[in-house]
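Notes for the structure review
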Amino acid sequence: MRRAAVVLLACLAGCGGGDKLTSAPPSAPRQLTLTSPDFPANGAIPARFSCDGDKARPTLRFAGVPAGAAELALIVVDPDAGGFVHWTVYGLPSETRTLGATGLPPGGREGENSTGANGWTPPCPPSGTHRYEFRLYSLGRASGLDAGAKPDDVIAAVRASAGASGLLVGRYEHR
């Protein structure tokens, strides 16, 4: 019984308890490049970026943003936890090419994640290895979202004007 309670609490803390995506992240006609110097595509996310470490957020790099983009938006989701949202960022200036481990560029805003808080929440799967999808979008018009927007509101704004997207997948297994 005690083990079941611990597993339930770990799941609620790291992969549940708040709003999850109710629809799949949108696609877009053009391709962006999204990379991280902290982990390779489809590779392991280092523990320092998880609940087992410093809970830091990885640095991300962007390329291929089309001319005329109004803003960039980022959505990080764990599809293996039913669409648990780890982070949404929007209002990023279209000339942004790096999102560092701390802070946001002027105009950037963070939305609510699935824990109910604003900002980054690190990988913390209750069991097994989970995938973390970092999805970058260029938007043809400004999202108009205020800080703290709900995940589904971010998805709706992206779906309404995404002109290009990029995907970076990392994997993490809770220790």
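Residues numbered from 1 in each chain as written. Predicted model: local features only at pLDDT ≥ 70, side-chain atom pairs only at ≥ 80, totals over all residues. Heavy atoms only, no water.

Each helix and strand counted, the chain has 2 helices and 10 strands in total. Mapped from its N terminus to its C terminus, the chain presents α and β elements in the order α-β-β-β-β-β-β-β-β-β-α-β. Relative to its full complement of 175 residues, the chain shows a buried share of 49%. In the chain, the share of contacts with a sequence separation of at least 24, taken over all contacts with a separation of at least 6, comes to 74%. Carbon and sulfur atoms form 52% of the exposed surface of the chain, whose accessible area is close to 7900 Å². (Helix = DSSP H or I, 4+ residues; strand = E, 2+ residues; numbered from the N terminus. Buried < 20%, exposed > 50% of the residue type's maximum accessible area, 1.4 Å probe, protein only. Contact = heavy atoms within 4.5 Å. Areas by Shrake-Rupley, 256 points an atom, 1.4 Å probe, with all protein chains shown as cover.)

Our next topic: the sheet that holds strand E2 (residues 33-35). Here 3 strands make up an open sheet; going across it, the order is E2-E4-E7 and the pairing antiparallel. Both edges of this open sheet fall to E2 and strand E7 (98-99), since each of them pairs with a single strand only. Pairing of strand E4 (residues 60-63) with E7 involves 2 bridges; the strand directions are antiparallel. Pairing of Leu60 across the sheet is with Leu99, part of E7. (Pairing = 2+ DSSP bridges.)

This part takes up unusual backbone geometry. The phi angle at Asn42 is positive, at roughly 65°, despite the residue not being glycine. Along the chain, Asn42 falls in the loop between E2 and strand E3 (43-44). The phi angle at Lys55 is positive, at roughly 65°, despite the residue not being glycine. As for its position among the elements, Lys55 is in the loop between E3 and E4. Residue Lys55 is classed as partly exposed on the basis of its relative accessible area, which comes to 48%.

Moving on to the side chain of Ser50. Along the polypeptide, Ser50 turns up in the loop between E3 and E4. Exposure remark for Ser50: the relative accessible area of 0% places this residue in the buried category. Of note is the side chain of Ser50, whose polar atom sits 2.9 Å from the side chain of Tyr172. Apart from residues lying up to four places away in sequence, Ser50 is in contact with Lys55, Pro122, Pro123 and Tyr172. (Polar contact = N/O pair within 3.5 Å; in protein donor to acceptor, adjacent residues only side chain to side chain.)

In this section: the state of the cysteines. For the structure shown, the criterion picks out 1 disulfide. At a sulfur-sulfur separation of 2.1 Å, the disulfide partner of Cys51 is Cys124. Given an S-S torsion of about 75°, the disulfide between Cys51 and Cys124 has right-handed geometry. Taken together, the residues span a long stretch of sequence, with Cys51 in the loop between E3 and E4 and Cys124 in the loop between strand E8 (109-110) and strand E9 (129-139) at a distance of 73 residues. Cys124 sits in the buried class, given a relative accessible area of 12%. (Disulfide = S-S within 2.5 Å.)

To continue, consider the pattern of salt bridges. In this structure the tally under the stated criterion is 5 salt bridges. Note that Asp80 and Arg131 form a salt bridge whose closest N and O atoms lie 2.6 Å from each other. With a gap of 51 residues between them, Asp80 in the loop between strand E5 (71-78) and strand E6 (84-92) and Arg131 in strand E9 connect regions that are remote in the sequence. With relative accessibility at 29%, the residue Arg131 sits in the partly exposed group. As a salt-bridge pair, Lys150 and Glu112 come within 3.1 Å of each other at their nearest N and O atoms. Of the two residues, Lys150 sits in the loop between E9 and helix H2 (151-161) while Glu112 sits in the loop between E8 and E9, which places them 38 residues apart along the sequence. Residue class for Lys150 comes out partly exposed when judged on its relative accessible area of 37%. (Salt bridge = Lys/Arg side-chain N within 4 Å of Asp/Glu carboxyl O.)

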